[in-house]
Amino acid sequence: MSTHTLLVLYGSQTGTAQDMAERIGRQAQRRRTEVRVQSLDSYNVANLISETLVVFVCATTGQGDPPDNMKNFWRFVFRKSLPTGSLCRLDYAVLGLGDSSYPKFNFVAKKLHKRLMQLGANALLPVGLADDQHDLGPDGVTDPWLISFWQKTVSLYPMPPGLSPLLQKSHPPDDQGPPSAARPFPAQMVSNQRVTDLSHFQDVRLIDFDITGSNIQYNAGDVVMMRPCNSPEDVEQFCQLLRLDPDSYFILNPADGAVVPARLPQPCSVRYLVEQYLDIAAVPRRSFFEVLATLATNELEREKLAEFSTAQGQDDLHSYCNRPRRTALEVLADFPHTTAELSVNYLLDLFPEIQPHLNLSAHPNRLQILVAVVRYKTRLQKPRRGLCSSWLASLDPTQSDVSVSLWVKKGSLKFPQDLDTPAIMVGPGTGVAPFRAAIQERIAQGKRANVLFFGCRSETKDFYCQSEWEEKVQAGHMTLFTAFSRDQEDKIYVQHRVKEQAKLLWDLIANKNAVFYIAGNSKQMPTGVCDALKEVFQQEGGVTEIQAQEMLEAMEKAGRFQSETWS
């Protein structure tokens with residue numbers, strides 16, 4: 001394959017597809033194949049016509065949408081003006097990463113595969129549809145798919161003898177989207193207020209930012225993005241384990257076509273790299289153990305790392321790492337011989353970049369976010385903490401000036417422009433944040449057909465923005481239904497309130513063209529609310545269960561049913 005270059009292009013929202021793309025890049029290097037790994041939007045798509053071998057690794061987001069870092073590519077490749085045979089030179093393969101519990105399972109990968117064939121490209125093998133719900137997780141699909149891919153590729157492009165392996169793959173910058181991501185605004189934190197009772201187990205913060213002079217413009221449903229930092233304690237422990245001086249500096253030299261990450265200064269301190277770039281507090285993926293295994297010289301540690309890298313070892317890896325939510329930093333502490341041998345040269349191979357975290361904006365005039373501080377126990381002694389929420393909670397603007405670099409991107413929720421179209425919003429917990437922004441914006445526009453279903457545990461402990469809702473109800477600007485799950489013997493959730501309001505909801509949806517929204521935790525709530533809504537259709541509309549499902553699907557297709565959920 002000396003005369004051919006493998007190009008691996010990825011569309012990634014949370015980093016999973018990027019991780020898989022880089023894994024394919026490492027496999028190519030071991031096969032002495034020249035390889036480039038890039039995000040789809042950092043690649044000049046006009047060059048695709050001259051490529052010969054490309055692997056596309058794609059995630060699917062939201063309602064079957066492409067990830068942010070492939071949206072420009074997506075628009076280009078679906079242009080109707082592209083000639084039918086324009087990609088006739090291209091051999092390609094598409095690997096999708098998805099979750100079959102979602103209705104638009106691997107929609108982006110399937111659609112891209114079909115489009116590339118329409119443009120004359122030659123598919124080396126069927127589209128790979130990795131599934132988080134598989135017994136072996138996504139590896140149950142990706143492992144055999146990659147074996148087939150390499151068998152096919154090597155038969156088409158035989159490997160010439162005597163070619164030295166490439167030592168470093170490309171590390172493309174992840175900030176190839178809107179300019180605001182590459183140049184975030186340093187917003188001054190004005191307040192960081194706990195909005196749950198001190199006796200309540202959950203610490204939830206309402207955080208206020210001053211964005212004067214930022215030129216940030218946003219609408220209800222848009223989201224605030226920010227990159228958190230690792231804690232000082234984790235940074236210190238990391239440097240001790242690897243015997244690194246945090247105050248020493250290094251220069252990244254690009255090799256073999258690699259790209260230096262745009263966010264890293266040159267020269268860069270070890271402290272900056274570990275604190276602001278490397279995601280050392282995340283639960284590591286299988287690729288982390290693959291890289292460590294290749295570097296290990298201690299026999300016992302190497303055997304265990306190699307076992308965790310195999311498909312057969314995934315149950316053990318899940319028990320060791322995923323189930324207790326063990327972090328990459330804690331794994332390094334468990335493999336001290338291997339860790340002590342690591343140098344700065346390997347860190348970008350081992351650790352993904354800290355991903356921007358999404359916080360839903362909650363105010364139309366001043367930028368506010370509502371954040372639940374993630375903290376929970378597993379069988380490990382040390383409590384698990386959410387990186388972004390814990391970092392934000394630790395910032396205290398009453399003690400010193402606090403600045404947080406942030407930017408805003410378009411969210412998936414779109415609210416009706418028409419003055420009389422009702423908006424029905426179901427937002428339990430912090431899911432109420434985008435609806436707080438929407439209701440404030442709609443009231444300012446003279447839109448009063450606002451119906452909110454809010455749920456929490458207790459009216460006295462975690463009823464966010466209670467006085468604000470009560471004022472708006474009193475003024476006739478909205479209708480509010482609440483579900484306090486622990487304030488009575490039988491647990492009452494928002495889906496119960498939806499069913500109770502069947503007559504009202506049917507009238508709004510069937511006769512007044514209302515739009516129905518869900519925001520919040522993606523575990524059981526969205527399914528419960530959807531089931532309740534279908535029961536409303538059956539009860540008030542006199543339709544069958546199948547017809548109720550078809551009605552919901554038709555609403556979704558028309559943009560009259562929208563959801564923004566997160567895990």
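Residues numbered from 1 in each chain as written. Predicted model: local features only at pLDDT ≥ 70, side-chain atom pairs only at ≥ 80, totals over all residues. Heavy atoms only, no water.

Details of the overall build of the protein
The helix and strand inventory of the protein stands at 20 helices and 21 strands. For 567 residues, the compact-globule estimate of 2.2 N^0.38 gives 24 Å, and the C-alpha radius of gyration of the protein, at 25 Å, lies within 12% of that figure. Counting only C-alpha atoms, the protein reaches 80 × 60 × 50 Å along its principal axes. Out of the 567 residues belonging to the protein, those deemed buried represent 53%. Looking at the protein alone, contacts between residues at least 24 apart form 76% of all its contacts between residues at least 6 apart. (Helix = DSSP H or I, 4+ residues; strand = E, 2+ residues; numbered from the N terminus. Rg over C-alpha atoms; globule rule 2.2 N^0.38 Å. Buried < 20%, exposed > 50% of the residue type's maximum accessible area, 1.4 Å probe, protein only. Contact = heavy atoms within 4.5 Å.)

What about the pattern of salt bridges?
Oppositely charged side chains may form a pair once their charged atoms are brought near each other. For the structure on display, the rule yields 24 salt bridges. Across the salt bridge formed by Glu51 and Arg36, the nearest N and O atoms sit 3.5 Å from each other. Linking Glu51 in the loop between β2 (34–39) and β3 (53–59) with Arg36 in strand β2, this pair joins segments that are 15 residues apart in sequence. In this structure Arg36 comes out as partly exposed when scored by relative accessible area, which is 27%. A salt bridge links Lys382 to Asp234, with the nearest nitrogen and oxygen atoms 3.9 Å apart. Taken together, the residues span a long stretch of sequence, with Lys382 in the loop between β14 (375–376) and β15 (384–385) and Asp234 in helix α6 (residues 232–241) at a distance of 148 residues. (Salt bridge = Lys/Arg side-chain N within 4 Å of Asp/Glu carboxyl O.)

Structural notes on the sheet that holds strand β18 (residues 450–456)
One open sheet accounts for five strands, arranged β19-β18-β17-β20-β21; its pairing is parallel. Each edge of the open sheet carries a strand with a single partner, namely β19 (479–484) and β21 (561–566). When the angles between neighbouring strand axes are averaged without regard to direction, this sheet yields 10°. Helix α18 (residues 502–512) rests against β17 (423–426), β18, β19 and β20 (515–521) of the sheet, and its axis sits at about 130° to β17. (Pairing = 2+ DSSP bridges. Axes fitted to C-alpha atoms, helices over the stretch in contact; angles between N-to-C directions.)

A short note on the UniProt feature "binding site: FAD" (unreviewed entry) in the protein
The UniProt record annotates "binding site: FAD" (unreviewed entry) at Arg325, Gly386, Leu387, Cys388, Ser389 and Trp566. Within the secondary structure, Ser389 sits in helix α14 (residues 387–393). A relative accessible area of 7% means that Ser389 is categorised as buried. Dropping the residues within four chain positions of it, Ser389 is found in contact with Val371, Ala372, Val373 and Val374. Take Trp566: it is sitting in strand β21. (UniProt positions renumbered as here; feature names shortened; annotations may be inferred.)

Focus: the nonpolar core
Side chains of a nonpolar character, in soluble globular proteins, are inclined to be buried together. Grouped together as the largest cluster of nonpolar side chains are 37 residues, with contacts concentrated most on Phe238, Leu273, Leu278, Phe288, Phe289 and Phe351. Looking at this core, the elements that each hand over two or more residues are α6, α7 (270–276), α8 (286–295), α9 (299–308), α10 (314–322), α11 (328–334) and α13 (347–350). Ranked by the residues each element gives to this core, the list is headed by α8, at six residues. Residues Ile424, Val494, Ile518 and Phe561 belong to the second largest nonpolar core, which totals 29 residues. (Core = buried A, V, L, I, M, F, W, Y, C linked by side-chain atoms within 4.5 Å.)

Brief notes about the packing of aromatic side chains
Centre-to-centre distance and the angle between the planes together describe a pair of aromatic rings. Counting across every chain of the model gives 18 aromatic pairs. An angle of 85° between the planes, with centres 5.6 Å apart, marks the rings of Phe288 and Phe289 as edge-to-face. Just as Phe288 is buried, Phe289 falls in that class too. In this structure an aromatic cluster arises from ring pairing among Phe238, Phe288, Phe289, Phe308, Tyr320 and Phe351. Note that Lys104 overlies the ring of Phe107, its terminal NZ or CZ placed 5.3 Å from the centroid. (Phe/Tyr/Trp six-rings, centres within 6.5 Å; stacked < 30°, edge-to-face > 60°. Lys NZ or Arg CZ within 6 Å of the ring centre and 35° of its normal.)

Quick word on the pairing of β19
Where β18 meets β19, six bridges bridge the pair, whose relative direction is parallel. Paired with Phe453 across the two strands is Phe481, which belongs to β19. Running through helix α16 (residues 466–474), the crossover from β18 to the neighbouring parallel element β19 is right-handed. (Right-handed = clockwise from strand over helix to strand, strands pointing away.)

Brief notes about unusual backbone geometry
Cis geometry marks the peptide bond from Gln266 to Pro267; its omega dihedral reads -5°. In this structure, Pro267 sits in the loop between β10 (249–250) and β11 (268–269). Although it is not a glycine, Asn106 sits at a positive phi angle of roughly 50°. Among the structural elements, Asn106 can be located in the loop between β4 (91–98) and α3 (107–118). For Asn106, a relative accessible area of 1% gives the class buried. For Arg325, which is not glycine, the phi dihedral falls at a positive 60°. Here Arg325 shows up in the loop between α10 and α11.

A short note on the side chain of Thr338
Relative to the helices and strands, Thr338 is located in helix α12 (residues 336–340). Judged by its relative accessible area of 2%, Thr338 is buried. If sequence neighbours within four positions are ignored, Thr338 has contacts with Leu292, Ala296, Glu301 and Leu305.

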